[in-house]
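# Overview (structure and organization)
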Amino acid sequence: MKQLRLKVLAGLFLVAGILSWGAARLWDSVGTLPSVPIAAPIVLAVIAAVLTATALSIRARLKAQRDRRPGAKGVEPLMAARAVVFGQASALVAALVAGMYGGTGVFLLASLDVPARRDQALNAAFSVLAGLAVIAAALFLERVCRLPEDDDESPGKARA
């Protein structure tokens with residue numbers, strides 16, 4: 001399984017932000033801009049919490065297994081792989097969504113004197129922060145589930 005690359009996530013964030021900013025400008029010139037839903041930062045924050053809880057649970061189980069505590073439950077490799085895939089998918093989607101709301105938020109910065117636009121800009125800012133929290137939690141989960149021999153692997157070798 002390949003590791004998430006920060007460059008890819010940053011690129012997705014920037015491209016989505018630029019496209020969203022341009023679409024917001026175009027949409028605003030034609031009519032009213034659609035609102036940023038209040039649920040966006042909440043959903044992203046819940047995903048970040050689930051990823052963090054999963055990472056902490058797996059880390060505790062791995063530590064108990066390493067310390068050979070009696071009755072310690074191990075971590076099934078397939079379960080760990082599924083958790084990493086969920087984290088990677090969440091991070092990619094969060095980068096796109098955070099970029100989209102970031103671009104919209106940047107467009108809304110020009111009209112902060114209008115109360116409705118100010119509220120939309122705040123929702124967009126919280127969405128970007130929650131999206132970054134999802135990315136951080138996904139990277140933490142990926143690090144927790146990394147195999148020890150992955151560190152010694154040379155770049156030329158194929159990964160499973």
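Residues numbered from 1 in each chain as written. Predicted model: local features only at pLDDT ≥ 70, side-chain atom pairs only at ≥ 80, totals over all residues. Heavy atoms only, no water.

## Here's the deal with the layout of surface pockets
- As a volume, the second largest pocket reaches approximately 190 Å³.
- Surrounding the second largest pocket, L19, S20, A23, A24, W27, L33, P34, S35, V36, M100, Y101 and T104 form its lining.
- For the lining of the second largest pocket, the elements supplying multiple residues, two or more each, are α1 (6–30) and α3 (77–108).
- Residue contributions to the lining of the second largest pocket peak at five residues, all from α1.
- Its residues assigned to classes, the lining of the second largest pocket comprises nine nonpolar, three polar and no charged. (1 Å grid on protein atoms, 1.4 Å probe; cavity = no way out; pocket = protein on both sides within 12 Å on 5 of 7 lines; lining within 4 Å. Points joined across faces, edges and corners; volume = space filled by probe spheres on them. Helix = DSSP H or I, 4+ residues; strand = E, 2+ residues; numbered from the N terminus. Nonpolar A, V, L, I, M, F, W, Y, C, P; charged D, E, K, R; others polar.)

## Description of helix α2 (residues 39–66)
- Along its 28 residues, α2 runs 40 Å from first to last C-alpha, staying within 8% of the 40 Å computed at 1.5 Å per residue.
- All of the buried residues along α2 are A40, P41, L44, A48, L51, A55, I58 and A64.
- Check the buried side of α2 and you find it contacts α3 and α4 (115–144).
- R68 sits one or two residues past α2 and shows a positive phi near 55 degrees. (Expected span 1.5 Å × (residues − 1). Buried < 20%, exposed > 50% of the residue type's maximum accessible area, 1.4 Å probe, protein only. Contact = heavy atoms within 4.5 Å.)

## Some words on the pattern of salt bridges
- Counted by the stated rule, this structure contains one salt bridge.
- Among the ionic pairs, D28 bridges to R117, the shortest N-O distance being 2.7 Å. Residue D28 is located in helix α1, and its partner R117 is located in helix α4; the two are separated by 89 residues in the primary sequence.
- You can call R117 partly exposed: its relative accessible area is 21%. (Salt bridge = Lys/Arg side-chain N within 4 Å of Asp/Glu carboxyl O.)

## What about the side chain of N123?
- Structurally, the position occupied by N123 is in helix α4.
- Exposure remark for N123: the relative accessible area of 12% places this residue in the buried category.
- Once you skip the residues sitting within four places of it in the chain, N123 turns out to touch V36, I38 and P41.

## Describing the packing of α3 against α4
- For the pair α3 and α4, interaxial distance at closest approach is 8 Å and the crossing angle is 155 degrees. One element, α3, and the other, α4, form an angle in the roughly antiparallel class. Considering how the two elements wind past one another, α3 and α4 form a crossing that is left-handed.
- Split into classes, the residues belonging to the contact of α3 with α4 amount to 16 nonpolar, eight polar and two charged. (Axes fitted to C-alpha atoms, helices over the stretch in contact; angles between N-to-C directions. Parallel < 35°, antiparallel > 145°, perpendicular 65-115°, else oblique. Left-handed = near helix turned anticlockwise from the far one by under 90°.)

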